[in-house]
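Read off the chains here:
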Amino acid sequence: MQNVLIVGAGTGGSIILDLLQNLELMNVSAIIDTDENAPGIIRAKELGLSFGNNYRKFLNDNVHIIFDVSGDDLVFDELLQAKNSQTVLIPGSVANLIVQLLQDNHTY
């Protein structure tokens, strides 16, 4: 089981949350956003998942993958420095590509 942290709970983060919820090998540890009314935060509350406004509280050695869909280069740089060396950091551009591919695959 891969533990995932999603940073950015806007539309992109919300879509990634929903997609990962359907994958048995993925466990969303938390979703993070400074806006407590972001779609992904609201969805996390509905699902009973952890959420917050500061990724540092959720960043630990048990996080295997971080999806950074914050859209903020500074946040990406901070995550790159703060994460464990074994943790994979996926930037927003790649996350958006993954979302598009998964949505296309679901359509077909």
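Since the model is a prediction, treat every value here as computed from it, not as a measurement.

Draft legend 1. Looking closely at the sheet that holds strand β2 (residues 26–32). With respect to topology, five strands assemble into an open sheet ordered β3-β2-β1-β4-β5, the strand pairing being parallel. Because the sheet does not close on itself, it has two edges, and the strands there are β3 (51–52) and β5 (88–90). Both β2 and β3 contribute to a ladder of two bridges, which runs parallel. Following the sheet pairing, Ile 32 is matched in β3 by Gly 52. Contacting β1 (2–7), β4 (65–68) and β5, helix α3 (residues 73–82) crosses the sheet at an angle of about 165° to β4.

Draft legend 2. Seen up close, the pairing of β4. Alternating positions in β4 separate into two faces, Ile 65 and Phe 67 on one and Ile 66 and Asp 68 on the other, with burial throughout. Sheet topology note: the β1/β4 ladder contains four bridges and is parallel. When the bridges of β4 are listed, Val 4 appears paired with Ile 65. The pairing of β4 with β5 spans three bridges and is classified as parallel. Looking at β5, one finds that Phe 67 is bridged to Ile 90.

Calculation notes
- Residues numbered from 1 in each chain as written.
- Predicted model: local features only at pLDDT ≥ 70, side-chain atom pairs only at ≥ 80, totals over all residues.
- Heavy atoms only, no water.
- Pairing = 2+ DSSP bridges.
- Helix = DSSP H or I, 4+ residues; strand = E, 2+ residues; numbered from the N terminus.
- Contact = heavy atoms within 4.5 Å.
- Axes fitted to C-alpha atoms, helices over the stretch in contact; angles between N-to-C directions.
- Buried < 20%, exposed > 50% of the residue type's maximum accessible area, 1.4 Å probe, protein only.

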